[in-house]
Amino acid sequence: PWLDVGMQFNYHGYTVPAYTSASTVNFELGAIVHVNDKVAAAFHVYNPVGGTFAKTQEKLCSIYKLGIGYDASEQLFIAAELVQQQACGLNVNAGLQYQFAKQFFLRLGIATGTSTGYLGAGISWKTLRLDLTTTYHAQLGLWPGLLLTSAIGKKK
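Quick caveat, the model's predicted, so the values are computed rather than measured.

(A) Quick look at the sheet that holds strand 7 (residues 104-111). Read across the open sheet, the 10 strands follow the order 1-2-3-4-5-6-7-8-9-10; overall the sheet is antiparallel. Each edge of the sheet is formed by a strand with only one pairing partner; in this case those strands are strand 1 (3-16) and strand 10 (141-150). Going across the sheet, the axis of each strand differs from the next one's by a mean of 15°, ignoring polarity. The pairing of strand 3 (residues 39-46) with strand 4 (residues 63-71) spans 8 bridges and is classified as antiparallel. When the bridges of strand 4 are listed, A42 appears paired with G67.

(B) Main features of the side chain of D131. One can find D131 in strand 9 (residues 128-137). Only 3.0 Å separates the side chain of D131 from the side chain of R129, close enough to count as a polar contact. Ignoring any residue separated from it by four or fewer positions in sequence, one finds D131 in contact with F105, R107, A121, G122, G145, L146 and L147.

(C) How the structure looks around the pattern of salt bridges. Applying the stated rule across the entire model yields 2 salt bridges. R107 is the partner of D131 in a salt bridge, and the nearest nitrogen-oxygen pair spans 2.7 Å. With D131 in strand 9 and R107 in strand 7, the pair connects residues that are 24 residues apart, well separated along the chain. R107 carries the same exposure label as D131, and that label is buried. Between D131 and R129 there is a salt bridge; the shortest N-O distance is 3.0 Å.

Here is what the cut-offs are and how they apply
- Just so you know, the residues in each chain are numbered from 1, in the order the chain's sequence is written.
- Local features in a predicted model are, by the rule used here, given only for residues with pLDDT of at least 70; side-chain atom pairs are given and counted only at 80 or more, and totals for whole chains, interfaces and linings are based on all residues.
- By convention in this description, side-chain values take in all heavy atoms of the structure and omit both hydrogens and water.
- In short, DSSP must find at least two bridges between two strands for them to pair.
- The numbering of helices and of strands both runs from the N terminus, where a helix is a DSSP run of H or I of at least 4 residues and a strand a run of E of at least 2.
- The convention used is that axes are lines fitted to C-alpha atoms, helices contributing only their stretch in contact, and that angles between N-to-C directions extend from 0 to 180 degrees.
- In the analysis that follows, any N or O atom pair within 3.5 Å is treated as a polar contact, provided that within protein one partner can donate a hydrogen and the other can accept it, and provided that, for residues neighboring in sequence, both atoms belong to side chains.
- Working rule for contacts: check all heavy atoms of both residues, and any pair within 4.5 Å makes them a contact.
- The term salt bridge refers to a pairing of a side-chain nitrogen on Lys or Arg with a carboxyl oxygen on Asp or Glu at a separation within 4 Å.
- Burial classification: accessible surface area is computed with a 1.4 Å probe over protein chains only, and a residue below 20% of its type maximum counts as buried, one above 50% as exposed, and the rest as partly exposed.

Spelled out as structure tokens, the structure:
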């Protein structure tokens, strides 16, 4: 299909013992337009109608994203997105992923909103994928990440 559309509902809640608890519900929408075999454009809207936590009246922010991805070759994928978060400046995230072997890939990118870069490497095997990432935070130092995903029911 040339269009993929999704919607998600979220329940947020927190409790501060002996003080208060609050909760709220919100939603997000997204779509991907497959322009051709190599280019896809997408948008994502998080909490478009606003919302506040019951009791505390704390607000959840709204976030709007617009992105594009380009398969430059079988091995190279390039992507960029514009992110506008309520009460924040415009952020540009850009990155690329290079698949140097059938199961192995490297990626790097930058986020202008925080002026940080990131590096990552991964391995995929059948329907499993393991990603290792790192970025540098000014106060916390190196900030590692680990992601394990599986495409359940999908044959590869």
